[in-house]
Amino acid sequence: MTTTDFDVIVVGSGSGGRAVAGRLADAGLHVAMVESGRVGGECPYWACMPAKAMLRAPEAVAAARRIPGVAAKIESVEEVIAFREHVVSGRDDTTKVDRYTVRGVSIVRGHGRLDGSGRVEVGGRTLRAPRIVLATGSTPIIPQIDGLDGVDYWTNREAMETLTIPESVAVLGGGPVGVEIGQSFARLGAHVTIIEAGPRLLAHESSEIGELLGRCFRSEGIDVMLGAEATRITRGARTGVAVDNGTEVAVERVIVATGRRPRVDDIGLESVGIVPGDSGIDIDDRCRATDGIWALGDVTGIGQFTHVASYQGRLVCGDILEETVKADYSAVPRSVFCDPEVAAVGLTAVAARKAGIDTVVASVPVGEMERARTYGRSIEGVIGVVADRQAGVLVGAHGVGPLASEWMGMAVLAIRARVPIAVLREVIAQFPTFSEGLVTAVRDLDV
């Protein structure tokens, strides 16, 4: 068994792992980045990027159809899928590998596993370093449903690799992944049924978001079953999905989108005394898991977002380089790129009240805004804000509507910087923009 010494070993090459490896190599440290799959992780190949590429074409068609006098349609589903494959570079990681090797990062292919303090085993090779960063990501949760293991079900990976669109699909789960995959497949020709155990789509967000999105999905022919769970899967010419509400759906394909769990299995945590919880590896405000070991990204359970992993990567680098760093997750933006688009940041009203905050809320219908009128007919959406009455600052905001992820940036900054509501009320928002709605909602707050 060969042994190689480094200054830092990064296990995992998603956005956070790459952020660490690149910056520390640039700072002159000898860095190894261990990856068992493709360099880049889940996001560029099977999650964020292909999902948004699949959504973009039908979104453009739907937007055009809302304008009087404009006709639009998808001429070729095959070309839409080819565009997706272009966006993911054919799932070839050569460019990403070159981007880091040229900076001095050693890419080590294989499954990395801790073997005591300061050691990582990779395929019979031992890597040693005084600093190890765990960025192993997450993996899909596969529910225990009778008969599921007997059918050829898909997760997001298979859904984002398919070269054809099934005639009919049952999506198990109405969270962000289920919503994006469900709508994209429906708009590309599949008959889609979304089966969600919660009371609404995107159940972890404000209630008006899920309720509005449910109406929009049903209006375009997507079957949305709420408060329902699949209890049995049967294999036949078509796959049967029995639901606890007494109905049964027969489909060509079942897609599992019931969430993700931290990838903590078989990475040697026991060898360094780390006991993961249900949410993953516990870390402090500098992303330290234990002496000489940091963790970041999905494996920490803080937030399953590429931008959270990248942010934590900056924290890890700062700590290793002996800078003063401290995590602040008060203003983490989250978006779902369906149509209408969904964006949120901070606390929902329910979460704020549970936290003991004297909560006050206000909202503005997007359809009443001047900008919405220029987008065509029947533009649905909402802009809402959540405030701490005593502190006089925003603690949360959400939006549903065209480009919501873009205009939510003002709220992200306001919450992160604790900008006083009195200041926000005097902001001059450009006309006509959707960001005007945030200022209007703030002015409607009873604070």
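Above this text sits the structure in question.
What follows covers the pattern of salt bridges. Inspection of the entire model under this criterion finds 27 salt bridges. Between Arg128 and Asp5 there is a salt bridge, with the nearest N and O atoms lying 2.7 Å from each other. With Arg128 in strand β7 (residues 125-128) and Asp5 in strand β1 (residues 3-5), this residue pair connects regions lying 123 residues apart in the sequence. You can call Asp5 partly exposed: its relative accessible area is 43%.

Read from one edge to the other, the open sheet built from six strands follows the order β4-β3-β2-β8-β19-β18, with strand pairing classed as mixed. Across the chains shown, the open sheet's two edge strands, defined by having one partner strand only, are β4 (106-109) and β18 (288-290). Across this sheet, the average inter-strand angle for adjacent strands is 25°, counted without regard to direction. Pairing analysis gives two bridges linking β18 to strand β19 (residues 293-295), with the strands arranged antiparallel. Paired with Thr290 across the bridge in β19 is Ile293. Strands β2 (8-11), β3 (31-35) and β8 (131-134) of the sheet are contacted by helix α1 (residues 15-26), whose axis makes an angle of about 160° with β3.

Residues Val179, Phe185, Val192, Leu213, Phe217 and Val342 are the most contacted members of the largest nonpolar core, which totals 34 residues. Of all the secondary-structure elements, those providing two or more residues to this core are α3 (48-65), α4 (77-87), β10 (168-172), α7 (176-187), β11 (191-196) and α8 (207-219). Here Val192 is in contact with Val169, Val171, Gly182, Phe185, Ala186, Ile222 and Asp223, once residues within four sequence places are set aside. In this structure, Ala362, Val366, Phe434 and Val442 belong to the second largest nonpolar core, which totals 28 residues.

A few words on helix α13 (residues 409-417). Residues of α13 that are buried: Ala411, Ala414 and Ile415. Along α13, the residues classed as buried sweep out an arc of 95° about the axis, all on the same side. Close packing links the buried residues of α13 with β21 (342-346), β24 (393-400), α14 (421-424) and α15 (435-443). Taken from the residues just after α13, Arg418 is the one with a positive phi, measuring 50°.

Turning our attention to the state of the cysteines. Applying the stated criterion across every chain yields a total of zero disulfides. No disulfide involves Cys317; its nearest neighbouring cysteine sulfur is the one of Cys287, lying 10 Å away. Given a relative accessible area of 1%, Cys317 falls into the buried group.

Summarising burial for β3: five of the five residues are buried, a large majority. By the alternation rule, side chains of β3 split into Val31, Met33 and Glu35 and Ala32 and Val34, which are all buried. Note that β2 and β3 share four bridges and pair parallel. From the neighbouring strand, Val11 faces β3, where its bridge partner is Val34. Relative to β4, β3 is paired through four bridges, and the arrangement is parallel. When the sheet's bridge partners are listed, Met33 is paired in β4 with Ile107.

Scoring rules and cut-offs
- Residues numbered from 1 in each chain as written.
- Predicted model: local features only at pLDDT ≥ 70, side-chain atom pairs only at ≥ 80, totals over all residues.
- Heavy atoms only, no water.
- Salt bridge = Lys/Arg side-chain N within 4 Å of Asp/Glu carboxyl O.
- Helix = DSSP H or I, 4+ residues; strand = E, 2+ residues; numbered from the N terminus.
- Buried < 20%, exposed > 50% of the residue type's maximum accessible area, 1.4 Å probe, protein only.
- Pairing = 2+ DSSP bridges.
- Axes fitted to C-alpha atoms, helices over the stretch in contact; angles between N-to-C directions.
- Contact = heavy atoms within 4.5 Å.
- Core = buried A, V, L, I, M, F, W, Y, C linked by side-chain atoms within 4.5 Å.
- Arc of directions from axis to C-beta.
- Disulfide = S-S within 2.5 Å.

So, to be careful, I would describe these as geometric facts and stop short of saying anything about function.
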